[in-house]
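# Architecture and fold: a report
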Amino acid sequence: MYRVNEIFYSLQGEGFWTGTPAVFLRFSGCNLRCPFCDTDFTHAQQMDADQILAAIAAAGGACKHVIVTGGEPALQLDQALVDRLHEEGYTIHIETNGTKPLPSGIDWITCSPKQDWLPGAAPVIEKANELKMVYTGQDVEKWLAFKADHYFLQPCSCQNTKEVVTYILSHPRWRLSLQTHKYLDIR
């Protein structure tokens, strides 16, 4: 059984895949307590793999992209669910803080480390397709040593966008990630 916060269909609002239709599988719970977290984990429904797959199909119809998120989805996502999703033809993206090992076969990994705010939260994963940092003025250049294909800085709750843009213009290895779903008022 898995603790599921919600399953819904929308557009990816952040990072490399911004604007892409996807079904979001949001697990409930996290191993960290980030000061800027905007996710409510008080709601959780116990679901088995069959129920999750049925809800994903009902929410997304023909869409075959699933974004597994949370909280921290690596606390619950296991090899059995990854294999079932692949058997049903889904591409699996995960958004993780990187502090827990991941099952094999995930198609796209977004790592958003939180070690800058929580010193004991160092990533244990060694590479990702994209590294996405919530920027609050901290030293992010050290994160360019983390093995990733793409490096994104994201304003904190859309409140310091100009500061992030200014930083990126001076440090062009970074790209801007906006929480476009918030600007568009979609989930």
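In case you missed it, the structure is sitting above this.
Scope of this entry: the structure provided in the associated data block. As the structure is a prediction and not an experimental result, all values here were calculated from the model. (Residues numbered from 1 in each chain as written. Predicted model: local features only at pLDDT ≥ 70, side-chain atom pairs only at ≥ 80, totals over all residues. Heavy atoms only, no water.)

### What to know about a nonpolar patch on the surface
Here is the rule: Residues enter a patch when their relative accessible area is above 30% and they make no salt bridge; the linking distance is 9 Å between like charges and 5 Å between nonpolar side chains (Val, Leu, Ile, Met, Phe, Trp, Tyr). In these tables, accessible area is a Shrake-Rupley quantity obtained with a 1.4 Å probe, and a residue counts as shielded only by the protein chains included in the view. What counts as a salt bridge is simple: a side-chain nitrogen of Lys or Arg found within 4 Å of a carboxyl oxygen of Asp or Glu. Helix and strand assignments follow DSSP, with helices taken as H or I runs no shorter than four residues and strands as E runs no shorter than two, numbered in order from the N terminus. Note on exposure labels: buried denotes an accessible area under 20% of the residue type's maximum, exposed denotes more than 50%, and partly exposed covers the range between, all computed with a 1.4 Å probe on protein chains only.
A cluster of nonpolar side chains, namely Val165, Leu169 and Leu176, defines an oily patch on the protein surface of about 270 Å² accessible area. Looking at where Val165 falls in the secondary structure, it is placed in helix H3 (residues 161–170). The class of Val165 is partly exposed, set by a relative accessible area of 32%.

### What about the packing of helix H1 (residues 49–60) against helix H2 (residues 79–87)?
Quick note on the threshold: Axes here mean lines fitted to C-alpha atoms, for a helix over just the part in contact, with angles spanning 0 to 180 degrees between N-to-C directions. Between 65 and 115 degrees an angle is taken as roughly perpendicular, under 35 as roughly parallel, over 145 as roughly antiparallel, and anywhere else as oblique. Take the far helix as your reference; a near helix turned counterclockwise from it by less than a right angle gives a left-handed crossing, and one turned clockwise gives a right-handed crossing. Two residues form a contact once any of their heavy atoms are found within 4.5 Å. In this count, Pro and Cys sit with the nonpolar residues alongside Ala, Val, Leu, Ile, Met, Phe, Trp and Tyr, while Asp, Glu, Lys and Arg are called charged and the others, Gly among them, polar.
Close contact between H1 and H2 brings their axes to 11 Å; oriented N to C, the two are set at 40°. It follows from the interaxial angle that H1 and H2 lie oblique. Judged by the twist between their axes, the crossing of H1 over H2 is right-handed. Contacts from Ala49, Asp50, Ile52, Leu53 and Ile56 of H1 reach H2 at Leu81, Arg84 and Leu85. Considering only residue class, the contact of H1 with H2 consists of six nonpolar, no polar and two charged.

### Things to note about the sheet that holds strand S4 (residues 65–69)
We apply this condition: Whether two strands pair depends on DSSP finding at least two bridges between them.
If you trace the nine strands from one edge of the open sheet to the other, you get S3-S1-S2-S4-S5-S6-S7-S8-S9, paired in mixed fashion. Each end of this open sheet is capped by a strand with a single partner; those strands are strand S3 (45–47) and strand S9 (175–176). Across two bridges, the pairing between strand S8 (residues 147–155) and S9 is parallel. Bridge assignment links Leu153 to a residue of S9, and that residue is Leu176. Strands strand S1 (2–11), strand S2 (21–27), S4 and strand S5 (91–96) of the sheet are contacted by H2, whose axis makes an angle of about 145° with S5.

### Quick notes on the pattern of salt bridges
On inspection of all chains with the given rule, the structure shows four salt bridges. Note that Lys132 and Glu14 form a salt bridge whose closest N and O atoms lie 2.5 Å from each other. Taken together, the residues span a long stretch of sequence, with Lys132 in strand S7 (residues 127–135) and Glu14 in the loop between S1 and S2 at a distance of 118 residues. Look at Glu14 and you get buried, because its relative accessible area is 11%.

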